[in-house]
Amino acid sequence: MSMNTIGAKLRSKSADSISSPLPDVILPDVSPITGPAIDLYEDGYNDPVYQAKARILNRAIQDIGMGRYQWYLFVVTGFGWFADSVWPLLSGLILTPVVNEFHFNGPFLSLASNIGLLVGAVFWGLGCDIWGRRWSFNVTLFIAGIFGLASGGAPSFVALASLIAMVGVGVGGNLPVDSAVFLDFVPGSHQYLLTILSIWWCLGQLLSSLVAWPLIANYSCASASDCTKSDNMGWRYLLFVLGGITLSLWAVRFFIFTLLESPRYLSGIGRDADAIKVIHKLAKFNGKTSSITVEELEAPDRAMSGGRSPSGERYKILSKSSKYDTGHIKALFATPKMAWSTSLLIAIWGIIGLASTLYNNFLPYLLSSRGAAFGDGSLYVTYRNQVILSVIGVPAALLAGWAVELPYIGRKGTLAIASGFTGAFLFATTTAQTSNQLLGWNCGYVFFSNIMYGVLYAISPEIFPAKDRGTGNGLTSTASRVFGVLAPIIALYANLATAVPVYIAGALVVFAGSIALLLPYEPRGKVSI
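Asks: How should I be thinking about the state of the cysteines in this particular structure?
Replies: Summed over the entire model, instances satisfying the criterion amount to 1 disulfide. Across the disulfide from Cys221 sits Cys227; the S-S distance is 2.1 Å. Taking the sign of the S-S torsion, about 90° here, the bridge from Cys221 to Cys227 comes out right-handed. For the residue pair Cys221 and Cys227, the accessibility class agrees, reading buried in each case.

Below, the structure written as structure tokens:
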């Protein structure tokens with residue numbers, strides 16, 4: 001039976017509220033009590049059975065409401081944003097003292113980190129749609145913490161680069177997996193919190209800068225001449241501290257918090273009964289009850305099969321999605337509209353990844369080298385400025401969460417506006433005549449770039465359907481990481497003493513923001529499926 005036939009059956013049944021096996025599920029509405037019931041694919045989805053089931057589960061989660069479990073989840077998924085902030089930026093924080101000790105070309109360290117992040121994005125992003133969210137959620141931070149600790153004892157640059165790459169393999173999976181996990185459980189009325197989760201990214205930036213400030217400034221060689229390990233322990237202490245913190249966050253996830261498997265993932269592979277059990281566990285944890293039943297969740301299958309009960313064959317067919325193949329990728333390009341949306345998101349992530357990685361990884365170097373030209377390029381001043389920049393990002397995350405809910409602006413408008421201002425401030429940094437002017441322009445850049453990233457991290461998983469969300473997140477993250485790998489290669493052959501890299505980065509960010517306006521889906525006021 002074709003999907004068009006199935007869709008016609010479901011629509012005809014939903015039109016008759018008396019005989020419909022799917023009461024109040026197919027017809028979209030907006031309830032003042034339970035929030036928006038219109039899903040993002042209200043104009044049609046290539047799998048109407050999955051869409052109907054997702055609506056049933058969305059309504060059940062909305063009825064349970066935002067409770068203890070979701071707020072705990074806000075914290076533990078935030079650890080993923082924290083790690084994604086700390087470790088990719090670390091190659092910039094330790095760059096100067098590490099180069100002084102090991103005498104290598106600086107961009108190679110960033111290259112190693114980005115190769116690891118690329119592998120992690122592909123492996124964990126696609127993997128969490130195959131074997132579920134729980135394993136990926138619990139393993140990624142463990143890998144980052146263990147190898148982060150080990151990298152502090154690296155005896156050579158090759159060892160350090162290899163260990164940092166392994167850290168990236170763990171960290172690269174955090175955002176693709178964690179955003180999918182959070183969106184799987186948060187009520188549609190509170191999806192904006194996915195944008196505010198970027199505050200953890202800002203806090204990670206702030207903590208790493210605060211820790212790096214005294215350690216790098218006080219325990220580092222003054223220059224590359226006669227720079228021994230004993231005189232240059234600051235960057236090693238920093239890795240030990242951040243590795244220990246990351247491992248502690250993993251312990252909280254693994255031993256204290258129990259992650260439930262995604263009900264939409266379970267339903268998508270035919271495990272409807274397990275999906276219902278998860279909903280009831282969620283309700284119990286929040287001190288609520290849920291009336292949803294297995295029969296209600298199986299109603300779309302009966303509508304498809306003409307009233308027959310779901311069979312073992314149905315389970316077998318749907319379970320194919322749990323095997324490793326290209327099915328999840330193809331699903332993201334199933335219709336022209338979805339293909340256009342997925343392609344644009346991949347392009348936006350790739351362009352911003354290239355621009356931001358090129359700029360961010362060498363920001364401490366830029367501040368130090370420009371500061372030295374202005375007469376104040378000490379490590380103390382450099383990392384003091386880094387702390388100031390990190391503080392700026394915290395209110396930006398909160399502003400982003402407010403802006404994405406504004407009428408006529410929403411996610412797309414906020415992303416476009418923030419990208420425009422980010423690019424403008426990048427251009428402005430080239431006009432600085434003093435170190436303080438440069439710091440001021442960078443404050444503006446960091447403020448708007450944090451808004452930009454907060455929205456970007458949210459709009460992508462909101463648009464992708466849950467059954468393919470990990471894969472979609474993995475594809476977009478992969479695009480960012482691929483261009484992130486290219487950035488240090490460009491830096492190896494570019495003259496960082498000129499403003500050219502800044503011009504390039506600024507133009508790319510503005511261009512990416514303009515592309516965002518072409519996205520065919522606007523998640524504001526609608527529920528992800």
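Asks: So what exactly am I meant to see when it comes to the nonpolar core here?
Replies: General note: in soluble globular proteins, nonpolar side chains tend to be found buried as a group. Grouped together as the largest cluster of nonpolar side chains are 132 residues, with contacts concentrated most on Leu73, Trp87, Leu90, Leu160 and Leu238. At 14 residues, the largest contribution of residues to this core is made by helix 21 (residues 435-463).

Asks: Got a minute to help me understand the pattern of salt bridges in this structure?
Replies: Where charged atoms from two side chains of opposite charge approach closely, those side chains can pair. All told, the structure shown has 13 salt bridges when counted by the stated rule. For the salt bridge of Asp301 with Lys53, the shortest nitrogen-to-oxygen distance reads 2.7 Å. Within this pair, whereas Asp301 is found in helix 14 (residues 294-304), its partner Lys53 is found in helix 2 (residues 48-64), the two being separated by 248 residues in sequence. Overall, the relative accessible area of 3% leaves Lys53 in the buried class. As a salt-bridge pair, Asp468 and Lys467 come within 3.0 Å of each other at their nearest N and O atoms.

Asks: Looking at this model, I keep getting lost on a nonpolar patch on the surface. Mind explaining?
Replies: A contiguous nonpolar surface patch, about 540 Å² in accessible area, is contributed by Val482, Phe483, Leu486, Ile489, Ile490 and Tyr493. For Ile489, the location among the structural elements is in helix 22 (residues 469-493). Residue classification places Ile489 among the partly exposed positions, given a relative accessible area of 33%.

Asks: How do you make sense of the packing of aromatic side chains when you look at a structure like this?
Replies: For any pair of aromatic rings, the description rests on two quantities: the centre-to-centre distance and the angle between the ring planes. Scanning all chains against the criterion turns up 24 aromatic pairs. Aromatic side chains Trp250 and Phe254 sit 5.3 Å apart centroid to centroid with 20° between the ring planes, which places their arrangement in the stacked category. Of the two residues, Trp250 and Phe254 both sit in helix 11 (residues 234-256), 4 residues apart, roughly one turn of that helix. Relative accessible area serves as the criterion here: at 44%, Phe254 is assigned to the partly exposed category. Both rings, one in Trp349 and one in Tyr457, keep their centres 5.7 Å apart while their planes meet at 35°; by these two values the pair is tilted. With a gap of 108 residues between them, Trp349 in helix 17 (residues 336-360) and Tyr457 in helix 21 connect regions that are remote in the sequence. The residues Trp349 and Tyr457 share a single accessibility class, namely buried. An aromatic cluster is built from Tyr69, Tyr72, Phe185, Phe257 and Phe285, whose rings are joined through pairwise contacts. The positively charged end of Lys467 is found above the aromatic ring belonging to Tyr50, 5.7 Å away from the centroid.

Rules of the game
Residues numbered from 1 in each chain as written. Predicted model: local features only at pLDDT ≥ 70, side-chain atom pairs only at ≥ 80, totals over all residues. Heavy atoms only, no water. Disulfide = S-S within 2.5 Å. Buried < 20%, exposed > 50% of the residue type's maximum accessible area, 1.4 Å probe, protein only. Core = buried A, V, L, I, M, F, W, Y, C linked by side-chain atoms within 4.5 Å. Helix = DSSP H or I, 4+ residues; strand = E, 2+ residues; numbered from the N terminus. Salt bridge = Lys/Arg side-chain N within 4 Å of Asp/Glu carboxyl O. Patch = residues over 30% accessible without salt bridge, like charges linked within 9 Å, V, L, I, M, F, W, Y side chains within 5 Å. Areas by Shrake-Rupley, 256 points an atom, 1.4 Å probe, with all protein chains shown as cover. Phe/Tyr/Trp six-rings, centres within 6.5 Å; stacked < 30°, edge-to-face > 60°. Lys NZ or Arg CZ within 6 Å of the ring centre and 35° of its normal.

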